[in-house]
Structures are given as C-alpha cells and as structure tokens.
Amino acid sequence: SVSYTLESVYDDYAAAVMAKELGKTEDAEYFGKRANFYKNLFDKETQFMRPRMADGSWRTPFNPSAVGHFQTGGDYTEGNAWQYTWHVQHDVPGLIELFGSAEQFKTKLDSLFTVQLETKAVDVTGLIGQYAHGNEPSHHVVYMYTIAGYPERTQELIREIFDTQYKPTPDGLCGNDDCGQMSAWYMFSAMGFYPVDPVSCNYILGAPQMPKIVWNLENGKTFTMIAENLSEENKYVESITLNGQPYTKNFITHQDIMNGGTLVFKMKK
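Residues numbered from 1 in each chain as written. Predicted model: local features only at pLDDT ≥ 70, side-chain atom pairs only at ≥ 80, totals over all residues. Heavy atoms only, no water.

Novice: With reference to specific residues and values, describe the pattern of salt bridges.
Specialist: In this structure the tally under the stated criterion is 6 salt bridges. A single network of salt bridges, built from pairs that share partners, joins Lys-106, Asp-110, Arg-153 and Glu-156. (Salt bridge = Lys/Arg side-chain N within 4 Å of Asp/Glu carboxyl O.)

Okay, structure coming up:
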C-alpha cells in the first residue's frame with residue numbers, strides 16, 4: 001500500500017500539471033490535492049513512510065527493514081520503508097518539512113547510507129547501507145541532498161556509486177536495467193545533473209564524472225558539459241558557469257539545454 005500510494009501521488013501531480021496547462025482548474029485542484037496524500041503515510045515518531053489500516057491507525061508491528069514484493073505481499077514493492085520514505089520526487093521541500101528541518105532531513109538521509117539490511121530480497125541490490133542503487137525507486141535519492149542545501153554530499157555519493165555500482169564487465173550493472181534506467185542514471189550523472197522530477201523539466205545539479213560530453217540536439221544546436229580539473233581527488237564542485245556566466249542555481253532547465261551552450265564545472269578536492 002505504501003509504494004503504490006507514493007507512486008500514484010506522483011501520477012496525480014503530473015495530472016495536475018497537465019490539467020493546469022489545459023486550463024482545467026477543477027481537475028488541477030482535484031489532482032493537486034491528491035498529490036499531497038503522501039503526507040498521510042509519514043509517521044513523525046519513526047520518521048518513515050508507514051502503512052496505515054483502514055481506520056487510519058498505523059499498522060503494527062512495524063519493521064522498516066522488512067522487504068516487500070508484489071508476488072509475496074507486503075506494503076512495499078521490491079523494497080522497504082528505508083528506500084520508499086524518499087519517494088516524493090515532486091515535493092522534496094514538503095518532505096523536508098515533515099522531518100522538521102533540513103538538518104533533521106539530512107541526518108535521517110545520512111543513516112540511509114549506513115544502516116545494514118536485516119533481510120534481503122532478490123530485487124534489492126546495489127546496496128550502500130539501505131540505499132539500493134539496483135532498483136529505480138532509489139535513483140533520485142542522492143540528489144535530494146542538493147535540494148536540501150548539502151550539494152557536497154550529493155557530489156561525493158555520486159562518485160561512490162560510480163566507483164562501486166558500475167563495472168566494465170558482463171555483470172557490471174548492480175541491478176536490472178529496466179528500460180535502460182540503470183544506464184540512464186549513469187549517463188545523466190556523468191553529465192552532472194539528473195531529472196529528480198521529470199515533469200518540472202528541471203535537472204538537479206550533481207558532479208560530472210567525465211571531462212567533456214557534447215550533446216548534438218535535434219534542433220541542430222549543441223550542448224557541451226566540461227568538467228575542469230576532474231580527477232580521482234577532485235570530486236567536488238567549486239563553481240559553475242553557463243555560457244561563460246556564473247551559475248548559482250541548483251538546477252538547470254530543459255530549455256537551457258535545448259538553447260545550446262556550454263556548462264562548465266570547476267572541480268576541486
């Protein structure tokens with residue numbers, strides 16, 4: 001019930017955005033309200049997205065490490081509460097508010113990468129603590145640090161994931177490359193950004209992992225990413241420029257990319 005709800009509220013958010021663009025005010029309000037229903041699952045005492053009973057009470061007993069699967073039942077699909085608590089891609093500020101502050105949000109998120117699984121499942125792979133890079137619902141999580149105001153944590157975790165979860169071997173992917181998603185995360189992150197919320201058309205900035213990448217866009221223009229001073233030691237971003245101008249936003253828009261140009265990351269230790 002938890003994973004189904006959290007994934008459905010993102011669909012509701014997408015429908016609300018579409019309805020607003022179409023001038024369907026009533027529909028936009030309806031779906032916009034539903035998009036906030038993720039808040040009904042947040043248990044402030046445990047700080048997890050937790051299953052509820054039909055009468056609104058919390059389901060007990062509750063083990064956040066218990067792994068669910070659609071074939072065997074449970075409240076989480078191919079994951080547990082540790083992984084699905086962060087499945088709020090459309091309203092990260094709202095999720096941060098549920099934790100009480102950005103600092104408390106960061107503390108809980110830090111624990112995701114250190115706590116060890118008590119139980120295992122075939123669909124929970126690519127583990128760093130409880131973070132499961134082998135399954136798609138985790139792929140946006142490291143970029144949440146940047147949204148919360150801790151970009152350096154995003155940057156160091158991206159490097160760790162590149163170093164530990166991808167290998168140039170026949171079994172080099174740590175999980176199932178469903179529709180190419182494992183590879184898509186690699187390519188986006190190598191560029192230095194990732195679509196945490198694809199509907200917004202914004203890409204959250206991270207840390208590039210290749211010195212230069214050029215996109216030949218369908219409109220005939222090119223978009224170039226350059227990582228100056230990139231090395232094994234220089235994994236943090238010191239500054240960013242877009243088309244020669246200082247860039248201080250924590251995201252780049254899809255339109256910025258389609259306009260063509262050059263995004264330069266200056267890397268440091």
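We are not done yet, so read on.
Novice: Describe the packing of aromatic side chains, with residues and values.
Specialist: Given two aromatic rings, their pairing is described by the distance between the two centres and the angle made by the two planes. Summed over the entire model, instances satisfying the criterion amount to 22 aromatic pairs. Summarising the aromatic geometry, the rings of Trp-86 and Phe-105 are spaced 5.4 Å apart at their centres and angled 85° between planes, so their arrangement reads as edge-to-face. A residue pair is termed long-range when its members are at least 10 positions apart, and Trp-86 in the loop between helix H3 (81-84) and helix H4 (92-99) and Phe-105 in helix H5 (residues 102-112) qualify at 19 residues. For the pair shown, Trp-86 and Phe-105 are each scored as buried. (Phe/Tyr/Trp six-rings, centres within 6.5 Å; stacked < 30°, edge-to-face > 60°. Helix = DSSP H or I, 4+ residues; strand = E, 2+ residues; numbered from the N terminus. Buried < 20%, exposed > 50% of the residue type's maximum accessible area, 1.4 Å probe, protein only.)

Novice: Describe in detail the sheet that holds strand S12 (residues 261-268), supporting the description with residues and values.
Specialist: One open sheet accounts for 5 strands, arranged S7-S8-S12-S9-S10; its pairing is mixed. Each having just a single partner strand, strand S7 (212-216) and strand S10 (245-246) make up the two edges of the open sheet. The pairing of strand S9 (residues 236-242) with S12 spans 6 bridges and is antiparallel. Across the sheet, residue Val-237 finds its bridge partner in S12, namely Met-267. (Pairing = 2+ DSSP bridges.)

Novice: Please give an account of the environment of Val-196 that cites residues and values.
Specialist: Considering the arrangement of structural elements, one finds Val-196 in the loop between strand S5 (193-194) and strand S6 (202-205). Residue classification places Val-196 among the buried residues on the basis of a relative accessible area of 3%. For the pair Val-196 and Ile-147, spaced 49 residues apart in sequence, the C-alpha separation works out to 9.9 Å. Not counting chain neighbours up to four residues away, the residues in contact with Val-196 comprise Gln-89, His-140, Tyr-143, Ile-147 and Ile-204. (Contact = heavy atoms within 4.5 Å.)

Novice: Quick one: what's the story with the pairing of S7, residue by residue and with numbers?
Specialist: Each regular strand carries side chains that alternate between the two faces of the sheet. With 5 bridges joining them, S7 and strand S8 (residues 222-228) adopt antiparallel strand pairing. When the sheet's bridge partners are listed, Asn-216 is paired in S8 with Thr-222. In this structure, the hairpin formed by S7 and S8 is closed by a connection of 5 residues, where Gly-220 is found at a positive phi of approximately 95°.

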